[in-house]
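# Topology and contacts: notes
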Amino acid sequence: MSIPNRQSTEDVAAGIRRRVFLHTMRNNGGYLSQACSAAESLALLYNEVLKLGEPTLPKLPPPFAGVPSAGNPDAFTGAGYHGPFAPEYDRFVISPAHYALVIYSALIQMGRMDENALDHFNRDGGSVEMIGAEHSPGMEVTTGSLAQGLSMAAGLAWARKRKGEPGKVWVYMSDGEFQEGQTWEALAALSYHGIDNIRAIVDVNRQQCDGAMSSVLDLGDLPGRVAAFGVTCRSVDGHDLDALRAAADSAEPGKPLVILANTSPFQGMNYLQKRFPRLHYVRFKTREEREDMKLALAAELGVDLADI
């Protein structure tokens, strides 16, 4: 599998974490643990796996142009940062919309967006939303509430398969989406219809808004449950790039591929263990708390304090 970028995938993952950390510190909060758990899998996708064309949207994200309709020719989807919808290119659906900051950071790290794109983050009238929607960079569809992404990606993949398009459909998911019935219905449909041009990577960080998943609604034997639907299921260390590479290349004819990337919500930012299990969104209650985290994580990530 060739690497079409001058950066190593390890460097892309490190860059994603640093960018999310810097943004979190500058804005007094952010989805920080998602960068810890997802950095390697997203870096691998963007730097090695996904076959994408050149972006079709400007490097600095444009303002929100309204919802798509027959009377709104200016509407756009953030998938433009993944390139054109040509048959030979892959499509990439982001299902957990709250991973938006991590996706934006990955797009910037890959040179698909401008370094200053995050200056527009969560601004009224902007497209760089805190919870991504269809017009947000990297987002092709609106996927909140959770668990809608796999179903929409399945529809795309089914249509592409029927049209004979060579491009694959990839979908990024969070493990919390397996607490919702729509995910299991999508797996059943994918398996029954033999939709084998779809690949899903799941960030299994075992965390959700209310804390550790084991204390909210434990998923039990997730690999066994997923495999029981007749799909190819690979459960790997989500921070081991070689394991992720092998899994991404292990699809079987006639079956969709689901990769369960088992991850840590404080990988690369061990200081966050102090907040466990409340890691879904990091906010600072005091100036002292922010300063303590800033110093600790800057040292871990190799970030110059002057950049914060």
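Details of the structure are given in the entry above.
Quick caveat, the model's predicted, so the values are computed rather than measured.

We now examine the packing of aromatic side chains. Considering all chains together, one arrives at 7 aromatic pairs under this definition. On the basis of an interplanar angle of 70° and a centroid distance of 5.3 Å, the ring pair of Phe-178 and Trp-184 is categorised as edge-to-face. The same class applies to Phe-178 as to Trp-184, namely buried. Taken together, the aromatic side chains of Phe-178, Trp-184 and Phe-229 make up a single cluster linked through ring pairs. Its guanidinium or amino end placed over the ring of Phe-85, Arg-91 lies 3.8 Å from that ring's centre, counting from NZ or CZ.

Turning our eyes to something else, we now look at the environment of Glu-88. Mapped onto the elements of the fold, Glu-88 is located in the loop between helix 2 (33–49) and strand 2 (91–94). Note on Glu-88: relative accessible area 36%, which makes it partly exposed. In sequence terms Glu-88 and Leu-60 are 28 residues apart; their C-alpha atoms lie 26 Å from each other. Ignoring sequence-local partners within four residues, the contact set of Glu-88 consists of Lys-51, Arg-160, Pro-166 and Gly-167.

So, on to the packing of helix 2 against helix 7 (residues 241–248). Any two packed helices are characterised by how steeply their axes cross, that is the angle between the axes, and by the distance between the axes. At a closest axis distance of 10 Å, the pairing of helix 2 and helix 7 adopts a crossing angle of 55°. One element, helix 2, and the other, helix 7, form an angle in the oblique class. The two elements helix 2 and helix 7 meet at a crossing, and its hand is right-handed. Where helix 2 approaches helix 7, its residues Glu-40, Ser-41, Leu-44, Glu-48 and Val-49 are matched on the opposing element by Leu-241, Leu-244, Arg-245 and Ala-248. For the contact of helix 2 with helix 7, the residue count by class is 5 nonpolar, 1 polar and 3 charged.

Membership of the largest hydrophobic core comes to 64 residues, with the highest contact counts inside it found for Phe-21 and Leu-272. Ranked by residue count, the leading element in this core is helix 2, at 10 residues. In contact with Phe-21, other than residues within four places in its own chain, are Leu-32, Met-269, Met-293, Lys-294, Leu-297, Ala-298, Leu-301, Val-303 and Ile-308. Membership of the second largest hydrophobic core comes to 28 residues, among which are Ala-153, Leu-190, Met-213 and Val-231.

Tallying each qualifying case throughout the model produces 11 salt bridges. With a shortest N-O distance of 2.6 Å, Glu-165 and Arg-160 are connected by a salt bridge. Between Glu-165 and Lys-163 there is a salt bridge, and its shortest N-O distance comes to 3.3 Å. Residue class for Glu-165 comes out buried when judged on its relative accessible area of 18%. Salt bridges linked by common partners bring Glu-48, Asp-242 and Arg-245 together as one network.

One open sheet holds the 5 strands; their spatial order is 2-3-4-8-7, and the pairing between them is parallel. With one partner strand each, in any of the chains shown, strand 2 and strand 7 (232–237) form the two edges of the open sheet. Strand after strand, the sheet turns through a mean of 20° between neighbouring axes, direction not considered. Across 6 bridges, strand 7 lies against strand 8 (residues 257–262) in parallel orientation. Of the residues in strand 8, the one forming a bridge with Asp-237 is Asn-262. Contacts between helix 4 (residues 149–163) and the sheet are confined to strand 2, strand 3 (169–174) and strand 4 (198–204), with strand 3 contributing the most and set at about 170° to the helix.

Along any regular strand, the residues point their side chains to alternate faces of the sheet. By the alternation rule, side chains of strand 2 split into Arg-91 and Val-93 and Phe-92 and Ile-94, which are all buried. Two strands pair when backbone bridges link them, and strand 2 and strand 3 are joined in this way by 4 bridges, in the parallel orientation. Residue pairing in the sheet places Phe-92 in a bridge with Trp-170 of strand 3.

So, about helix 3 (residues 100–109). Counted residue by residue, helix 3 has 10 buried out of 10 residues, so it is predominantly covered. Within the sequence span of helix 3, burial applies to Ala-100, Leu-101, Val-102, Ile-103, Tyr-104, Ser-105, Ala-106, Leu-107, Ile-108 and Gln-109. Elements that come into contact with the buried residues of helix 3 comprise helix 1 (9–26), helix 2 and strand 2. Positive backbone phi, at 80°, marks Gly-111, one or two positions downstream of helix 3.

Cut-offs and rules
Residues numbered from 1 in each chain as written. Predicted model: local features only at pLDDT ≥ 70, side-chain atom pairs only at ≥ 80, totals over all residues. Heavy atoms only, no water. Phe/Tyr/Trp six-rings, centres within 6.5 Å; stacked < 30°, edge-to-face > 60°. Buried < 20%, exposed > 50% of the residue type's maximum accessible area, 1.4 Å probe, protein only. Lys NZ or Arg CZ within 6 Å of the ring centre and 35° of its normal. Helix = DSSP H or I, 4+ residues; strand = E, 2+ residues; numbered from the N terminus. Contact = heavy atoms within 4.5 Å. Axes fitted to C-alpha atoms, helices over the stretch in contact; angles between N-to-C directions. Parallel < 35°, antiparallel > 145°, perpendicular 65-115°, else oblique. Left-handed = near helix turned anticlockwise from the far one by under 90°. Nonpolar A, V, L, I, M, F, W, Y, C, P; charged D, E, K, R; others polar. Core = buried A, V, L, I, M, F, W, Y, C linked by side-chain atoms within 4.5 Å. Salt bridge = Lys/Arg side-chain N within 4 Å of Asp/Glu carboxyl O. Pairing = 2+ DSSP bridges.

Function cannot be read off these values alone, since they describe shape.
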